[in-house]
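# Inside the fold
Chain by chain, the residues:
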Amino acid sequence: MSTRPAAKVTIGTIAAEAGVSTATVSKVLNGRADVSTATRDRVRQIMARHHYQPRRARRRGGVVDLVLNELDSLWSIEIIRGAEEALRGDGVSMMLSAVHGSTAGTNAWLDQLAARRSDGAILVVSDLTVRQRTKLGALGIPYVLVDPVGNVDPTVPTIGATNWAGAIAATEHLIELGHHRVAHLAGPRQLLCSRARADGFHAAMEAAGLPVAEGAVRHGEFNDRSGHDEMAALLTQAEDAGRPWPTAVFAASDLQAFGAYTALRERGLRVPEDISVVGFDDVPVTRWSDPALTTVRQPLQEMAAMAAGTLLRLIDGEDVNLPRVELATQLVVRDSTAAPAGA
């Protein structure tokens, strides 16, 4: 019989001894029916032998908070879908909070977490202050970050995507089509994902031996208005300098790409006949746009589902040794890219 102190036994310990996954142990703890009787009995016997008391008994209301910058963007909707589905499958309710820009500017969402006696939080693009992290710790609320703004506590689980690799794939696609004058509509400078996508763009251009024209990288916001304004400014800037327009544009988000569509049409330019456009995210509407948008698929629902699953493991007292996970991105080629005219 094991003499290991009960406090040191985790779900991982039980799973290893029972020869099953931690997910199976969690199902036993939650009383799920999709576990065989033999497996359930074996897991319960091992837990009894170790005097294991799961910390999940400390769950207060079966509620998890999802905190986002905004609730109505196409990007946010995909995150909400992924998190809700994962939590619903575990019988946990989800409450939504919007901070409209920056968590650093308000503590209302933290007060709501405390008032609701939330069991945990999924924080999306959240720039937490030291005071806010301290308050989360004082409340005893575990949390997971999705695609954070800046550097985060390395002990906090973080879920993201391979932004750099995705940007390289997008830029290489344009280069392989024959484009030599490629521009980049980048996202906000302070966001890690924006910087990674811009770095990927530069890396691909450099690897191909192609120069990035002065002013060909323009930073804006992840929305269609910004995409429109920056695309229009890029064209005007090239004209004023007596330089040719770019033949292709890599936008750091699908919404920026759609804004670029509008700016190009206002100039009488066609996509992709005159200028090819690539986006990033692959929100559902991209396949129905005109033309259908070539983009980099960011697995938004999968990111949110992984964040939800990781959070539930934290709530249940598991040791989560996943300081940062990056899910793979994938280039999705549609109709908005083609070889440059005359190629």
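Preceding this section is the structure that the text describes.
Residues numbered from 1 in each chain as written. Predicted model: local features only at pLDDT ≥ 70, side-chain atom pairs only at ≥ 80, totals over all residues. Heavy atoms only, no water.

## Some details on the pattern of salt bridges
Per the stated rule, a full pass over the model turns up nine salt bridges. Here Glu230 makes a salt bridge to Arg218, at a shortest N to O gap of 2.7 Å. Within this pair, whereas Glu230 is found in helix α9 (residues 224-240), its partner Arg218 is found in strand β7 (residues 217-219), the two being separated by 12 residues in sequence. Taking relative accessible area as the criterion, Arg218 reaches 22% and is therefore assigned partly exposed. Note that Asp282 is salt-bridged to Arg334, the shortest N-O span being 3.0 Å. Note that Asp282 is positioned in the loop between β9 (276-281) and β10 (294-297) and Arg334 in the segment after β12 (330-332), a separation of 52 residues in sequence. (Salt bridge = Lys/Arg side-chain N within 4 Å of Asp/Glu carboxyl O. Helix = DSSP H or I, 4+ residues; strand = E, 2+ residues; numbered from the N terminus. Buried < 20%, exposed > 50% of the residue type's maximum accessible area, 1.4 Å probe, protein only.)

## Some words on the sheet that holds strand β6 (residues 182-186)
Pairing within the open sheet is mixed, and its six strands lie in the order β7-β6-β8-β9-β10-β12. In this open sheet, the two strands that pair with only one neighbour each are β7 and β12. Neighbour-to-neighbour, the strand axes of this sheet turn through a mean angle of 20°, independent of strand direction. Sheet analysis places β6 next to strand β8 (residues 248-251), joined by four bridges and oriented parallel. (Pairing = 2+ DSSP bridges. Axes fitted to C-alpha atoms, helices over the stretch in contact; angles between N-to-C directions.)

## Quick look at the packing of helix α4 (residues 74-88) against helix α11 (residues 300-315)
Close contact between α4 and α11 brings their axes to 7 Å; oriented N to C, the two are set at 40°. With respect to their mutual orientation, α4 and α11 come out oblique. As for the relative orientation of α4 and α11, their crossing is right-handed in sense. Of the residues in α11, those in contact with Trp75, Glu78, Ile79, Arg81, Gly82, Ala83, Ala86 and Leu87 of α4 are Leu300, Gln301, Ala304, Ala305, Ala308 and Leu312. In terms of residue class, the contact of α4 with α11 is built from 10 nonpolar, two polar and two charged. (Parallel < 35°, antiparallel > 145°, perpendicular 65-115°, else oblique. Left-handed = near helix turned anticlockwise from the far one by under 90°. Contact = heavy atoms within 4.5 Å. Nonpolar A, V, L, I, M, F, W, Y, C, P; charged D, E, K, R; others polar.)

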